[in-house]
Amino acid sequence: MSKLFKINPNDNVSVALEDLKKGYSENGITLLNDVPFGHKVLLTDLKKGDFVIKYGNPIGKLLRDEKAGAYIHQHNLKTTLDEKKEYDFTGDNTYNPQKSFAVFNGYVRENGKVGIRNEIWIIPTVGCVNSTVRILESKAQKFLKDGIDGIFTFTHPYGCSQMGDDQENTRKILASLINHPNAAGVLVVSLGCENSNADVIKSYLGSIDSNRVKFLVTQNEKDEIESGMELLKQLCDYALQFKRTPVSINNLTVGVKCGGSDAFSGITANALIGRFTDMITDNAGSVVLTETPEMFGAEHILMNRCENKSVFNKTVNMINGYKNYFSSHNEECYENPSPGNHDGGITTLEEKSLGCIQKGGRAVVTDVLTYGETCFESGLNLLAGPGNDIVSTTNLTAAGCQLILFSTGRGTPLGAPVPTVKISSNNRLFEKKPSWIDFNAGCLVDSDDFDSLSKELLDYVIKVASGEKTKNEINGYREISIFKDGVIM
């Protein structure tokens, strides 16, 4: 079996499918160095300044002359990305989804939205009441009955002493979580004197169903625990009226992201998710792709797939706006790959980004969402926000995603408030961490049967949407983190 994998016919590097020693030969290439699993081998002689090509696109320039068989990584490859740039619109793309082909069993809410879980969420407006909501969460477990999938709180340290866009970020995320359809009922717990108090948050919610959303202002209560428990009891009684019913898969909004990526993420797991994206969007469902910095170097590919010039302009503004965010803090926008990424074989941000956007498949980009904004459009939606795993999964949840497909090559136990499907990019991880990983795409290294595995992934997602628990749910891993960008008073 071949031990060097070439992704695209135009590539001048291959990926090692196992740890390879200096002197190993295959197809006329003899390794000049030891090459770790997942790392790159040069296939032709190149000069200093020449482009290294992977995924059919440049991923950087050589820092020195290298011969075929050389090991390519940080010591001899450098990014070519720079700061803000101009982009050209290449024309409209028609988005014409077909009639939906599948159903799942979901919960239809009174406002018409569909949830895939029937949970009670406790949302603190400020970190000062974190202990209060934890106590309420613990005590309220006695209200659980068949038909309620759980009672959960999501603590955070924000909600007061924030200013400007930083404060706005917190309010938007909290409001979007409160409106999320996976929550049959929500208890909003406020201290009372904070900047983002209950009355302020109400102004971000739109129409409020008083049966579904209850408010507890702890400074106004003699015994906030007793009062909170009474409200939670009412919410649980309300939640029991909802039953699973068959609904079209076009009611699904799926978030896609990667974390702890390796060199196989773009080849297997992300590419598989891309096939899934195409199936869902072709059938009028919604997929949300985030991690703006991990589009740098591959953004032109997404821009070329924008539905129209308006969406193109929003994409340009998202990319350049995020580059401005970096420069405003005197940081380089292209120093993104983490130590774990480097260990896994990813060298430059272009390489990481080209692998990252594989999750978007070939889908037409139909909308671009700002941080904390909710998805309403079918098709592929781009969501502005950082690549940080906890922040981005929170952002995807706030965008209305009922579940998240999370590819990983290194592994992570992280879970969002919504079901978080971990998809391994390699067999080693799947075998090592069965308690973390829900689905293995590593088998695609040995077989390119994407069609069969794509259908298998779709079937699994339908099962999850219909109630099957993911590993993060089984393990109790649910966290949120809100994007912090500003001063604390």
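Quick note: structure is the one above.
Residues numbered from 1 in each chain as written. Predicted model: local features only at pLDDT ≥ 70, side-chain atom pairs only at ≥ 80, totals over all residues. Heavy atoms only, no water.

Undergrad: Can you walk me through the sheet that holds strand 1 (residues 4-5) in this structure?
TA: Paired through backbone hydrogen bonds, the strands of a sheet run either parallel or antiparallel to each other. The four strands are arranged 1-2-5-8 in an open sheet whose pairing can be described as antiparallel. Edge strands, defined here as strands with exactly one partner in the open sheet, are strand 1 and strand 8 (71-72). (Pairing = 2+ DSSP bridges. Helix = DSSP H or I, 4+ residues; strand = E, 2+ residues; numbered from the N terminus.)

Undergrad: Sorry, what's going on with the side chain of N76 here?
TA: One can find N76 in the loop between strand 8 and strand 9 (77-78). Among the polar contacts made by the side chain of N76, one reaches the side chain of H75 at a distance of 3.2 Å. In this structure, N76 is in contact with K61, L62, L63, R64, E66 and Y71, ignoring residues within four places of it in sequence. (Polar contact = N/O pair within 3.5 Å; in protein donor to acceptor, adjacent residues only side chain to side chain. Contact = heavy atoms within 4.5 Å.)

Undergrad: Explanation requested: the pairing of strand 20 (residues 379-383) in the structure shown.
TA: As a general feature of sheets, a regular strand has side chains that alternate between the two faces. Across the five residues of strand 20, five count as buried, placing the element largely inside the fold. Summarising the sheet, strand 19 (residues 365-369) and strand 20 pair through four bridges and their orientation is parallel. Bridge pairing links V365 to L380 in strand 20. (Buried < 20%, exposed > 50% of the residue type's maximum accessible area, 1.4 Å probe, protein only.)

Undergrad: I would appreciate a short explanation of helix 12 (residues 450-465) in the present structure.
TA: Because an α-helix packs 3.6 residues into every turn, residues spaced three or four apart end up facing the same way. Its 16 residues place the ends of helix 12 22 Å apart at the C-alpha level, agreeing with the 22 Å of an ideal helix rising 1.5 Å per residue. Within helix 12, burial applies to F450, L453, S454, L457, L458, Y460, V461, I462, V464 and A465. Those residues of helix 12 hidden inside the fold are in contact with strand 10 (103-108), helix 5 (265-282), strand 21 (403-408), strand 22 (420-424) and strand 23 (439-440). Directly beyond the C-terminal end of helix 12, a positive phi value near 130 degrees is found at G467. (Expected span 1.5 Å × (residues − 1).)

Undergrad: Looking at this model, I keep getting lost on the pattern of salt bridges. Mind explaining?
TA: Pairing of side chains with opposite charge becomes possible as their charged atoms draw close. The tally for this structure, following the rule as stated, stands at 20 salt bridges. K314 serves as the salt-bridge partner of D367, at 2.6 Å between the closest nitrogen and oxygen. In this pair, D367 sits in strand 19 while K314 sits in helix 7 (residues 309-328), placing the two residues 53 residues apart along the sequence. Given a relative accessible area of 14%, D367 falls into the buried group. On the basis of relative accessibility, which here comes to 34%, the residue K314 falls in the partly exposed class. Look at the salt bridges and you will find they share partners, linking R117, E119, E473 and R478 into a network. (Salt bridge = Lys/Arg side-chain N within 4 Å of Asp/Glu carboxyl O.)

Undergrad: Which parts of the structure should I look at to understand the sheet that holds strand 22?
TA: Strand order in the open sheet made by the seven strands is 19-20-18-17-21-22-23, with parallel pairing throughout. Edge strands, defined here as strands with exactly one partner in the open sheet, are strand 19 and strand 23. Inspection of the sheet shows strand 18 (residues 286-289) paired to strand 20 by four bridges, in the parallel sense. The residue bridging S286 from the neighbouring strand is G379, located in strand 20. Where helix 10 (residues 389-398) meets the sheet, it contacts strand 17 (253-258), strand 18, strand 20 and strand 21, and its direction lies at approximately 170 degrees from that of strand 17. (Axes fitted to C-alpha atoms, helices over the stretch in contact; angles between N-to-C directions.)

Undergrad: Explain the packing of aromatic side chains to me, please; I cannot follow it from the model alone.
TA: When we look at a pair of aromatic rings, we describe it by the centre distance and by the angle of the planes. Counted under the stated rule, the structure contains eleven aromatic pairs. Taking the centre distance of 5.9 Å and the plane angle of 80 degrees together, the rings of Y325 and F326 count as edge-to-face. We classify F326 as buried; its relative accessible area is 18%. Relative to F483, the ring of Y325 has its centre 5.4 Å away and its plane inclined at 75 degrees; by these criteria the two rings are edge-to-face. Residue Y325 is found in helix 7, and its partner F483 is found in the segment after helix 13 (471-475); the two are separated by 158 residues along the sequence. Its relative accessible area of 13% is what places F483 among the buried residues. Taken together through their ring pairs, the aromatic side chains of F296, Y322, Y325, F326, Y371 and F483 make up a single cluster. (Phe/Tyr/Trp six-rings, centres within 6.5 Å; stacked < 30°, edge-to-face > 60°.)

Undergrad: Looking at this structure, I do not really get the packing of helix 5 against helix 12. What am I missing?
TA: For any two helices packed against each other, the geometry is given by the interaxial angle and the distance between the axes. At their nearest, the axes of helix 5 and helix 12 sit 9 Å apart, and the two run at 70 degrees to each other. Here helix 12 runs roughly perpendicular to helix 5, going by the angle between their axes. Of the two elements, helix 5 crosses helix 12, and the hand of that crossing is right-handed. Contact with helix 5, carried on its side by I267, T268, A271, L272, R275, F276, M279 and I280, involves F450, D451, L453, S454, K455, L457, L458 and V461 of helix 12 and no other residues of that element. Each residue belonging to the contact of helix 5 with helix 12 can be placed in one class, and the counts come to eleven nonpolar, two polar and three charged. (Parallel < 35°, antiparallel > 145°, perpendicular 65-115°, else oblique. Left-handed = near helix turned anticlockwise from the far one by under 90°. Nonpolar A, V, L, I, M, F, W, Y, C, P; charged D, E, K, R; others polar.)

Undergrad: Explain the nonpolar core to me, please; I cannot follow it from the model alone.
TA: Where a protein is soluble and globular, its nonpolar side chains tend to be buried together. With 108 residues, the main nonpolar core has L382, L405 and I423 as its most contacted residues. A total of nine residues in this core trace back to one element, the largest contributor, which is helix 12. Once residues lying within four places of it in the same chain are set aside, the contact partners of I423 are A269, I273, L405, F406, S407, T408, F439, A441 and L457. (Core = buried A, V, L, I, M, F, W, Y, C linked by side-chain atoms within 4.5 Å.)

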